[in-house]
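# Commentary on secondary and tertiary structure
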Amino acid sequence: MSSRSATLNISTPEGVTFSLPLAGPITRSLAFFIDFAVMSAAWNLVAILIKPLFFLMQDLALGVAVLMQFAFVEGMRMMMELLWRGQTVGKKLMGLRVVDEQGLKLRASQVVIRNLLRFVDMLPLFYALGGLVSLFNARAQRLGDLAAGTVVVRTVKTQPPDVAAVLAGKFNSFRECPHIEARLRQKVTPEEAQLALNALVRRDDLDEAARHKLYEELATHFREKVKFPDDVVFGLSDEQYIRNVVETVFRGRK
Amino acid sequence: MIADLKTFIERERPHWKELERELEKIREHLADLSDLKYARHVLGLYQRTSSDLARLQGSSSEPELRAYLENLVGSGYAEIHSATRDRRHFRPWQWLVQTFPQAFRRQIWGFWMSVALTLVGALLGAFLISKGVEGREAIYPFPHLVHQTPSERVAREEQRGTEAVSKGRDDLEGRKATFSAELMRNNISVTFRAMAFGMTWGIGTLLILFYNGVVLGAVVFDYVSDGQTVFMLGWLLPHGSVEIPAILLGGQAGLILGRALIGWGTPDSLRTRFRKITPDLATIAGGAALLLVWAGIIEAFFSQYHEPVLPYWVKILFGAVQLVALAWFLFFCGKPKAGADELQR
């Protein structure tokens, strides 16, 4: 791949392509530091729990402590990624996930390899080598990711837009003038229609002042495109005007 | 472009939501795709959603809907197309007695190369010590091997042993577990490093193996030339017969990684080459780590006791038997039986 892209595109045997947004170095570093803090905290907790053992069997307790600390450093991230489908605490908080570069589920061997190769990614210090490699890699992979065939992607929560609800059940006064409706459909570009639709779908995400301003601008824009008779548009709010436009345009695509 | 977006969403939305629910169930292990009827149902939902996405992909509009469907198809793709390889659950015993030795044998060239590199290093180490090279510190990482001759060390160890036996005390009492844990940690780190440094086109692995060989060769030559062969065998064999092969396994994994990076002798792409070796690498690294846990226990609880506490012949016999057992395990364990092989054909 010659150019750097922010997404990982995967084509399925069903003939469709989907894309996963790749994680950037800053969010990955933050996730790493969160994990480090969590592991340190967890280790301190365990150290407190095994402290009584020191009074009973100092040698055994120290041996256990040495091994557990090693296991925490090398194994905890691996365990989390294995059990939480490519996520650790830091990755969960930063909305990241490790996935197979072919879009398949992670295998245990991939998790093991990408974590064991931290030894070389860390060189000479502060993940300099891994960071540098990921900067020049089209999929932002560090050496461990490259060997394991994994990528770190951003997890995106999506919901199907409630377009049906937006367009349904409201009386559209424009229907009284089918010839003007036809002209409106002709003049409104797909991009303008999409913009209006998005403004309605995201209605509740906008604060009141911004919503009024946006609807006013959009309604003014559409009013200038086609002029409906005064009795048809009498008393219509800007929002209802846009709703009518959207309903007219999308209905017209039947 | 969808002609009637509203009708399209109204018609398809229940199927999308159902696929979402089923995928969540599969993720939570509340359902699985081994049931053929269920698998067909989920596959049907996934294919329908894929087709909906394909209809949207030609147009630049409806970006939110497209993002939602891409996400859903991505999740479905991961679950459905990975289903066949998820069938078998991890079975530790089977992994140990079959998967591990089989992976070792599949990549045996890496092991022989590890052995060869270590031997070359050992010869150099022996040569340097035989020439009485100044600066033994540069070769030996252990101070107790630098500041005393093997004979002096053997005399001291045996005297300490005699005192311990006569007074009925254990010199290692109270520090065996800690020592053992430190050994495990150190050796496992070295082994993992030997593997990870394979990403330097194998050069890092090569250096680690070679240096280990130099130290080993120097120690062996030092003790043999000083007439302390029996002590040396009794000291090194019990844990070394496991520890050294384990480090060689780490080197084997590193060399496999380096070869995959270079791509020597294969027409596959880099990603395909890595994909092919990843399971074997993880298996060999895991197996080496297990061996080193055992080696750490033996070194702390067994190897450090010398005559008269433990007769040398006992230690040498133990080490030799262990080496043979390990070799048998790695080279023969998990091989299909001749009869079974014929039946499979």
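Residues numbered from 1 in each chain as written. Chains lettered and ligands numbered in written order. Predicted model: local features only at pLDDT ≥ 70, side-chain atom pairs only at ≥ 80, totals over all residues. Heavy atoms only, no water.

## Considerations on the interface of chain B and chain A
At the junction of the two partners, chain B supplies 66 residues and chain A supplies 60 residues. When residues of chain B are sorted by the area they lose upon contact with chain A, E64, R271 and R275 of chain B head the list and together hold 13% of the total. K105 of chain A is the salt-bridge partner of E79 of chain B, the closest N and O atoms lying 3.3 Å from each other. Applying the counting rule to chain B against chain A returns 13 residue pairs in polar contact (both at pLDDT 80 or more). Breaking the side of chain B that touches chain A down by element, the ones donating at least two residues are α1 (5–27), α2 (36–57), α3 (63–81), α9 (176–196) and α12 (270–303) of chain B. Looking at the side of chain B that touches chain A residue by residue, the classes come out as 32 nonpolar, 14 polar and 20 charged. (Contact = heavy atoms within 4.5 Å. Buried area = accessible area lost by both parts, 1.4 Å probe. Salt bridge = Lys/Arg side-chain N within 4 Å of Asp/Glu carboxyl O. Polar contact = N/O pair within 3.5 Å; in protein donor to acceptor, adjacent residues only side chain to side chain. Helix = DSSP H or I, 4+ residues; strand = E, 2+ residues; numbered from the N terminus. Nonpolar A, V, L, I, M, F, W, Y, C, P; charged D, E, K, R; others polar.)

## Focus: the nonpolar core
Counting 57 residues, the largest nonpolar core has F228 and I242 of chain A together with L33 and L65 of chain B as its most contacted members. Ignoring any residue separated from it by four or fewer positions in sequence, one finds F228 of chain A in contact with F174, C177, I180, E181, L184, V233 and Y241 of chain A. The next biggest cluster of nonpolar side chains, apart from the first, holds 53 residues, and it includes V111 of chain A together with A288, L291 and C333 of chain B. (Core = buried A, V, L, I, M, F, W, Y, C linked by side-chain atoms within 4.5 Å. Buried < 20%, exposed > 50% of the residue type's maximum accessible area, 1.4 Å probe, protein only.)

## Quick notes on the pattern of salt bridges
If you walk through the whole model with that rule in mind, you get 27 salt bridges over all chains. Through salt bridges that share partners, R28, E81, K91, R114 and D145 of chain A make up one connected network.

## Regarding the confidence of the model for chain A
For chain A, per-residue confidence averages 86 on the pLDDT scale, and 93% of positions sit at 70 or higher. Within chain A, the element-level pLDDT minimum falls on helix α8 (residues 163–167) of chain A, averaging 64, and the maximum on helix α3 (residues 89–94) of chain A, averaging 95. (pLDDT = per-residue confidence, 0-100.)

## Focus: the packing of α2 of chain B against α3 of chain B
Residues and elements named next belong to chain B. α3 packs onto α2 with a crossing angle of 145 degrees between their chain directions and a minimal axis gap of 9 Å. Between α2 and α3 the crossing geometry is left-handed. Here α2 contributes V42, L43, Y46, T49, S50, D52, L53, L56 and Q57 to the contact with α3, which in turn contributes L65, R66, L69, E70, L72, V73, G76, Y77, I80 and H81. For the contact of α2 with α3, the class distribution of residues is 11 nonpolar, 5 polar and 3 charged. (Axes fitted to C-alpha atoms, helices over the stretch in contact; angles between N-to-C directions. Left-handed = near helix turned anticlockwise from the far one by under 90°.)

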